[in-house]
Amino acid sequence: MAAAASSSSSSSSTSAAEERRGIPAAAFVEDVETYLRQSGLDVSASLSLLQERLQQYKIVEMKLLAQQRDLQAKIPDIHKCLDIVAALQSKNGSGEPLLTDYEVSEGIYSRARIEQTDSVCLWLGANVMLEYSSQEADALLKKNLENAKASLQVLVADLQFLRDQETITQVTIARVYNWDVHQRRMKEAIKES
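Residues numbered from 1 in each chain as written. Predicted model: local features only at pLDDT ≥ 70, side-chain atom pairs only at ≥ 80, totals over all residues. Heavy atoms only, no water.

S.K.: How would you summarise the overall build of the protein if you had to cite specific residues and measurements?
M.R.: Broken down by element type, the protein carries four helices and six strands. Taken from the N to the C terminus, the helices and strands of the protein come in the order α-β-β-α-α-β-β-β-β-α. In terms of overall size, the protein is more extended than a compact globule, its C-alpha atoms giving a radius of gyration of 28 Å where 193 residues would be expected to give roughly 16 Å. The principal-axis extents of the C-alpha atoms in the protein amount to approximately 100 × 30 × 25 Å. Here the protein, with 193 residues, has 29% of them falling under the buried criterion. (Helix = DSSP H or I, 4+ residues; strand = E, 2+ residues; numbered from the N terminus. Rg over C-alpha atoms; globule rule 2.2 N^0.38 Å. Buried < 20%, exposed > 50% of the residue type's maximum accessible area, 1.4 Å probe, protein only.)

S.K.: Residues and numbers for the pairing of strand β4 (residues 108–114), please.
M.R.: Summarising the sheet, strand β3 (residues 98–105) and β4 pair through seven bridges and their orientation is antiparallel. In the strand pairing of β4, Leu99 is matched with Arg113. Here β3 folds back onto β4, and the loop between the two strands holds two residues, one of which, Gly107, carries a positive phi near 80°. (Pairing = 2+ DSSP bridges.)

S.K.: Can you lay out the state of the cysteines for me, pointing to particular residues and giving the numbers?
M.R.: One pass over the structure, following the stated rule, counts zero disulfides. Between Cys81, a free cysteine, and Cys121, which holds the nearest cysteine sulfur, the sulfur-to-sulfur gap is 12 Å. Of the residues examined, Cys121 reaches a relative accessible area of 45% and is grouped as partly exposed. (Disulfide = S-S within 2.5 Å.)

S.K.: How would you summarise the pairing of strand β5 (residues 119–125) if you had to cite specific residues and measurements?
M.R.: Sheet topology places β5 next to strand β6 (residues 128–133); six bridges connect them, and they run antiparallel. When the bridges of β6 are listed, Gly125 appears paired with Val128. Joining the antiparallel neighbours β5 and β6 is a turn of two residues, in which Ala126 adopts a positive phi near 55°.

S.K.: So what's going on with the nonpolar core? Residues and values would help.
M.R.: Ranked by size, the top nonpolar core spans 24 residues in total, and within it Ile23, Leu64, Ile78, Val120, Leu122, Ala137 and Leu141 carry the most contacts. At the level of secondary structure, the elements contributing two or more residues to this core comprise α3 (43–92), β5 and α4 (134–192). Tallying contributions element by element places α4 first for this core, with nine residues. Contact partners of Leu122, with chain neighbours within four places excluded, come to Val128, Met129, Leu130, Tyr132, Ala137, Leu140 and Leu141. The next biggest cluster of nonpolar side chains, apart from the first, holds 10 residues, and it includes Val29, Leu36, Leu54 and Ile173. (Core = buried A, V, L, I, M, F, W, Y, C linked by side-chain atoms within 4.5 Å. Contact = heavy atoms within 4.5 Å.)

S.K.: Describe the packing of α3 against α4, with residues and values.
M.R.: Their axes nearest at 7 Å, the elements α3 and α4 cross at an angle of 160°. In terms of axis orientation, α3 runs roughly antiparallel to α4. As α3 runs across α4, the sense of the crossing is left-handed. In terms of residue class, the contact of α3 with α4 is built from 27 nonpolar, 15 polar and 10 charged. (Axes fitted to C-alpha atoms, helices over the stretch in contact; angles between N-to-C directions. Parallel < 35°, antiparallel > 145°, perpendicular 65-115°, else oblique. Left-handed = near helix turned anticlockwise from the far one by under 90°. Nonpolar A, V, L, I, M, F, W, Y, C, P; charged D, E, K, R; others polar.)

S.K.: Account for the packing of helix α2 (residues 32–39) against α4, naming residues and giving values.
M.R.: Where α2 meets α4, the closest approach of the two axes is 10 Å, and the angle between their N-to-C directions is 100°. Compared by their axis directions, α2 and α4 come out roughly perpendicular. Listed contacts from α4 to Val32, Glu33, Tyr35 and Leu36 of α2 are Arg175, Val176 and Trp179. Grouping the constituent residues of the contact of α2 with α4 by class yields five nonpolar, no polar and two charged.

S.K.: Report on the environment of Val32, specifying residues and quantitative values.
M.R.: Its location among the elements puts Val32 in helix α2. If sequence neighbours within four positions are ignored, Val32 has contacts with Arg175, Val176 and Trp179.

S.K.: Requested: an account of α2, with residues and values cited.
M.R.: Among the residues making up α2, those that are buried are Val32, Thr34, Tyr35, Leu36 and Ser39. By the N-cap criterion, in which a side-chain oxygen at the helix start approaches the backbone nitrogen of a residue two or three places on, α2 is capped by Asp31, the distance to Glu33 being 3.4 Å. Directly after α2, the chain includes Gly40, whose backbone phi takes a positive value near 75°. (Polar contact = N/O pair within 3.5 Å; in protein donor to acceptor, adjacent residues only side chain to side chain.)

S.K.: Could you give an account of unusual backbone geometry, naming the residues involved and the relevant values?
M.R.: The phi angle at Arg21 is positive, at roughly 45°, despite the residue not being glycine. Tracing the backbone shows Arg21 in the loop between β1 (19–20) and β2 (23–24). Although it is not a glycine, Asn127 sits at a positive phi angle of roughly 55°. Tracing the backbone through its elements, the reader meets Asn127 in the loop between β5 and β6.

What follows is the structure, given as structure tokens:
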């Protein structure tokens, strides 16, 4: 597949990027006949190769969309944690306890009375919880929020790049198929005359 893609680059327009984070760029084929000759493939093999590449793009797209959903769910959770830490910090010097409801299980809440505290426990994942001071927790959550937003931006750019590659591949498939149909019609016209 790589040989076909690299050999088509001389007969195709130049792409802005050859690859983005492991996603290979699709080359737009301007001259199908030159592309087929340089790749050494016939039409059916070329179409099969392009269809395979398109399926690979679809699989990567599904994985990236799942990562995007995870990040989009994670960002509001981090905001919620930051709000809770800020509420704890604001009540810390006042001398009065903080009354709050917290979720024990899905749909089940309990009321808590939080006395003056200078520490916060954060879930890190994989059933690991660590205790931080309020300032450390705030700094860690802000850093995690920045990282999540940056990762989401990169992911959105990757998805856009991937969708562009899918479109280029679909157009190339259509061009190769249409070229083949045109060649067959020309051969039939020659035979009939």
